[in-house]
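Each chain, written out:
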Amino acid sequence: MIASPPQSRYNLDMPQKIIIVVGLGASGLMAAGTAAAAGAHVIGIDGQTYTGRKLLITGSGRCNVTNSASREDFIKAFGAGGKFLYGVFNQFFSPDLLKLLKTLGVDTVEERGGRLYPASQKSKDVRDALLNMCTAAGVELRLGQKVEQLVIEGGVCKGVLVAGKLTEADAVIVATGGKSYPLTGSVGSGYELARHAKHVIVTPVPSLVPFEVSESWVKELSGLALKNVELSLFHNGKQLAVAFGELLFTHFGVSGPIVLELSQCLVPILRQMWDSGHRDFQHWNLGMTAELNLKPALSATQIRDRLQREFDQNGKKNLGNILKTLLPSSLIPVFLKLSGMAEDKVGHQISAAERTQLQTLLTALPLTLTGLRPWEEAVVTAGGIKLKEVDPKTLESKLVSGLYFAGEVLDIQGDTGGYNLQAAFSTGYVAGHSAASQTIT
Ligand SMILES: Cc1cc2nc3c(=O)[nH]c(=O)nc-3n(C[C@H](O)[C@H](O)[C@H](O)COP(=O)(O)OP(=O)(O)OC[C@H]3O[C@@H](n4cnc5c(N)ncnc54)[C@H](O)[C@@H]3O)c2cc1C
């Protein structure tokens, strides 16, 4: 289905439906604009004094709006929650989003890995375009107001309470986001609203989040980014997952795309921890370790031969200099410290055992993971409103009629690369469209 144009289409013969959208982030702005364009009177309420605060910081301020991946690859990028999105993506997918953005004056460009960004490279242009769509369609904005409770009577959502005052509506769309980056306004309050409607909340845990490590040498490398490396994650010695790509050393540990990717496989472990009362994700005692392979493109034999050749050909050169052909210079002091080998040892003095030790450091540099960075640094929240209790075609609650959900408040979370924003926009569109088309009871 192609996205609706951003102008209002009022039908004067029908009573105008009133729809409240709680939260005006990526999904809420899309839901509000879509519902208003379909003829509803929409009241958009946000606890923040301006809209789309998180949207503005996405993609380091450049906003990776979506990905050119196929629908099947999109579904895969959401793991267990992916199947739920079939019906949603059938109604509004990446081509629809790009077309809508173009209509709103935002051209996009594709970059590495199919990631799409506004051509201006400014997330503000995406936020402003969606906000303009809302205002042009007549959305009534109520900013700096936090929704405290849903008003539910006889299994029907009748409105919301703000500062104890009732605002009535024919439908309410909850688009309050998750719990990560709480300064942007996503503080998990949507879970409380949904609990009041008797919805089950799958325990929210931080995901796409960096790791803290205990090795002190890591701090010396703060700022060093390594491309084409491989990181393996272990739990009590058992390998959980491997990721290939870019890693960044920081003052606290490791970050970067492959670290964020690997953090996703910890979700079940973190959830178990939380549910059993261990809630300090920054200081866990989980037996989590990692190994960094700096030369994943080479086999063990190739690395052994390469090292041997370097030592044979540079018999009179010192080890510090020889390692320059293999490593970024800031890593050399770390290698020397960890191997216990003297920098001025020359090539022909290096024994087979020492060569093997260097080979191990090159392919399995050990890291001890002591915890995650806090919620303030998690890109998404894993967990949220249980999907079985939401109609995947309309995003209406199966428990309370007239109540809809959109965005990260649902138990859906995807990889980095534009997947999460597309899910927010698509669920926002479907919730807005369904709420506006629902017959008033
Ligand atoms: C640093 C960072 C970078 C990211 N970059 C990307 C990227 O480039 N591409 C990508 O695909 N994804 C990215 N993401 C993820 C993406 O931003 C989120 O998945 C997406 O914004 C979720 O949209 P949402 O509408 O569900 O929630 P949000 O955008 O979090 O919006 C929720 C809104 O609800 C409001 N609210 C909450 N509770 C209430 C209440 N009780 N009453 C009233 N208002 C309320 C909040 O103030 C907020 O405005 C990034 C996330 C972070 C943190």
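What counts and how
Residues numbered from 1 in each chain as written. Predicted model: local features only at pLDDT ≥ 70, side-chain atom pairs only at ≥ 80, totals over all residues. Heavy atoms only, no water. Helix = DSSP H or I, 4+ residues; strand = E, 2+ residues; numbered from the N terminus. Buried < 20%, exposed > 50% of the residue type's maximum accessible area, 1.4 Å probe, protein only. Contact = heavy atoms within 4.5 Å. Areas by Shrake-Rupley, 256 points an atom, 1.4 Å probe, with all protein chains shown as cover. Lys, Arg positive; Asp, Glu negative; His and termini not counted. Charge placed at Lys NZ, Arg CZ, Asp CG, Glu CD. Pairing = 2+ DSSP bridges. Polar contact = N/O pair within 3.5 Å; in protein donor to acceptor, adjacent residues only side chain to side chain. Expected span 1.5 Å × (residues − 1). Domains from an automatic or database assignment. Buried area = accessible area lost by both parts, 1.4 Å probe. Salt bridge = Lys/Arg side-chain N within 4 Å of Asp/Glu carboxyl O. Near = heavy atom within 4 Å. Nonpolar A, V, L, I, M, F, W, Y, C, P; charged D, E, K, R; others polar.

## Overview of the overall build of the protein chain
Phase 1 of the analysis: The helix and strand inventory of the protein chain stands at 15 helices and 19 strands.
Phase 2 of the analysis: In terms of overall dimensions, the protein chain has C-alpha extents of about 90 × 45 × 35 Å along its principal axes.
Phase 3 of the analysis: Counting the 441 residues in the protein chain, one finds 54% classified as buried.
Phase 4 of the analysis: By sequence separation, contacts in the protein chain at least 24 residues apart represent 73% of the contacts at least 6 residues apart.
Phase 5 of the analysis: Element-wise, carbon and sulfur atoms account for 52% of the exposed surface of the protein chain, whose accessible area totals about 18,900 Å².
Phase 6 of the analysis: Distance between charge centres in the protein chain, computed from 42 positive and 39 negative side chains, equals 2 Å.

## Remarks on the pairing of strand β14 (residues 238–249)
Phase 1 of the analysis: Inspection of the sheet shows strand β13 (residues 225–235) paired to β14 by nine bridges, in the antiparallel sense. Residue pairing for β14: E230 is matched across the bridge by F244.
Phase 2 of the analysis: In this structure, the hairpin formed by β13 and β14 is closed by a connection of two residues, where N236 is found at a positive phi of approximately 50°.
Phase 3 of the analysis: With two bridges joining them, β14 and strand β15 (residues 253–255) adopt antiparallel strand pairing. Residue pairing in the sheet places L248 in a bridge with S255 of β15.
Phase 4 of the analysis: The antiparallel hairpin formed by β14 and β15 contains three residues in its connecting segment.

## A short note on the side chain of S180
Phase 1 of the analysis: Secondary-structure assignment places S180 in the loop between β10 (171–174) and α7 (189–196).
Phase 2 of the analysis: Looking at S180, its side chain comes within polar contact range of the main-chain oxygen of A378, at 3.2 Å.
Phase 3 of the analysis: Once residues within four sequence positions are removed from consideration, S180 is found in contact with K54, S186, W375, A378, V379, V380, T381 and E408.

## Details of helix α6 (residues 123–136)
Phase 1 of the analysis: Between its first and last C-alpha, α6 extends 20 Å over 14 residues, near the 20 Å set by a 1.5 Å rise per residue.
Phase 2 of the analysis: For α6, the elements touching its buried residues are α1 (26–37), α2 (53–57), α5 (94–103), β5 (115–118), β6 (140–143) and α15 (419–437).

## Notes on the domain arrangement of the protein chain
Phase 1 of the analysis: Examined at the domain level, the protein chain breaks down into domain 1 (18–206 + 378–437) and domain 2 (210–372).
Phase 2 of the analysis: If you average the C-alpha positions of domain 1 and of domain 2, the two centres end up 39 Å apart.
Phase 3 of the analysis: In total, domain 1 and domain 2 occlude about 820 Å² of area from one another, counting both sides; carbon and sulfur atoms represent 62% of this.
Phase 4 of the analysis: For the domain 1 face of the interface with domain 2, the top three residues by lost area are T203, V205 and P206, together amounting to 53%.
Phase 5 of the analysis: Where domain 1 packs against domain 2, one counts zero salt bridges.
Phase 6 of the analysis: The tally of links between domain 1 and domain 2 comes to four residue pairs in polar contact (both at pLDDT 80 or more).

## Examining the site of the ligand
Phase 1 of the analysis: In the region of the ligand, 33 residues are neighbours, and S27, D46, S189, E408 and L421 sit closest.
Phase 2 of the analysis: V147 is positioned such that a nitrogen or oxygen atom in its backbone is 2.9 Å from a nitrogen atom of the ligand.
Phase 3 of the analysis: Burial of the ligand by the surrounding chains reaches 95%, relative to a free accessible area of 1,000 Å².
Phase 4 of the analysis: The set of elements that each furnish at least two residues to the shell around the ligand consists of α1, β2 (41–46), α2 and α15.
Phase 5 of the analysis: The greatest single-element share of the shell around the ligand, amounting to four residues, is contributed by α15.
Phase 6 of the analysis: Partitioning the shell around the ligand into residue classes produces 11 nonpolar, 18 polar and four charged.

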